[in-house]
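# Remarks on the overall topology
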Amino acid sequence: NGVNSYINLPLSLANLTNPTVNNVSIAVGFIPLEIHPNFWDYALISGYMYNWFVSIPGNVPTAYIYNSAGTLYSVSSGVTVSVGSYAEVVAMYNTAYNIYIYVNGRFSGNGMWSGNYVEATQYMRIGMRGSSYVYAYISYALITQKLFSASNISNLYSNKIVSGPGLVMFLDATFYNGQQY
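Small disclaimer: the values here were computed from a predicted structure and weren't measured.

### Brief notes about the side chain of Thr-144
As for its position among the elements, Thr-144 is in strand E13 (residues 136–144). When its relative accessible area of 0% is taken as the criterion, Thr-144 is described as buried. Engagement of the side chain of Thr-144 in a polar contact is seen with the backbone oxygen of Lys-146, the distance being 3.1 Å. The residues contacting Thr-144, other than those within four sequence positions of it, are Asn-23, Val-24, Ser-25, Gly-166, Leu-167 and Val-168.

### Here's the deal with the sheet that holds strand E8 (residues 98–103)
Spatial ordering of the open sheet is given by E9-E8-E7-E2-E13-E14, a layout of six strands whose pairing is antiparallel. If you trace the sheet from one side to the other, it starts and ends with strand E9 (106–112) and strand E14 (167–172), each paired once. Across the sheet, the mean angle separating the axes of adjacent strands is 15° when strand polarity is ignored. Taken together, the five bridges between E13 and E14 define a ladder with antiparallel strand orientation.

### Some thoughts on the environment of Asn-110
Structurally, the position occupied by Asn-110 is in strand E9. In this structure the C-alpha to C-alpha distance between Asn-110 and Ile-99, which are 11 residues apart in sequence, comes to 5.4 Å. Sequence-distant contacts of Asn-110, defined by excluding residues within four places in its chain, comprise Val-75, Ile-99 and Tyr-100.

Cut-offs and rules
Residues numbered from 1 in each chain as written. Predicted model: local features only at pLDDT ≥ 70, side-chain atom pairs only at ≥ 80, totals over all residues. Heavy atoms only, no water. Helix = DSSP H or I, 4+ residues; strand = E, 2+ residues; numbered from the N terminus. Buried < 20%, exposed > 50% of the residue type's maximum accessible area, 1.4 Å probe, protein only. Polar contact = N/O pair within 3.5 Å; in protein donor to acceptor, adjacent residues only side chain to side chain. Contact = heavy atoms within 4.5 Å. Pairing = 2+ DSSP bridges. Axes fitted to C-alpha atoms, helices over the stretch in contact; angles between N-to-C directions.

In structure tokens:
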């Protein structure tokens, strides 16, 4: 049911996920278990101070980022993923303040953000944002310090091949004997 099913990642990753310093790509494979309309909750993965996060409001993968003035920017994929069906989302933030989102290997949207980046003071989390847990099985989570190319995204979605350069974090449920987390 998602309750107490999350992972905190160390604060030491903070500088590695700052999109004003490094390009950042975030990928998550998951199976949604319920539909939740509220973007504040049910994040698949969230950055420090929740400055960036990828969520599935109404089962539509969406990438978000806050600036230091508290303005929230978002890019919706416009793609509805089905309860009980496997999906993958890739969100990319680059140093030119662009946001890109792909769902199931296909480009699904882009936008821009502006302002100063919110510096890290809290853990990055997988499967939780604030005190709300995502209602989904998460098969893997991946963060890199580079933008994925179309062929990187295709290989990730079709062949489950991850391009290694710039890899910051990769967690795969099979490392836990196939248990869902």
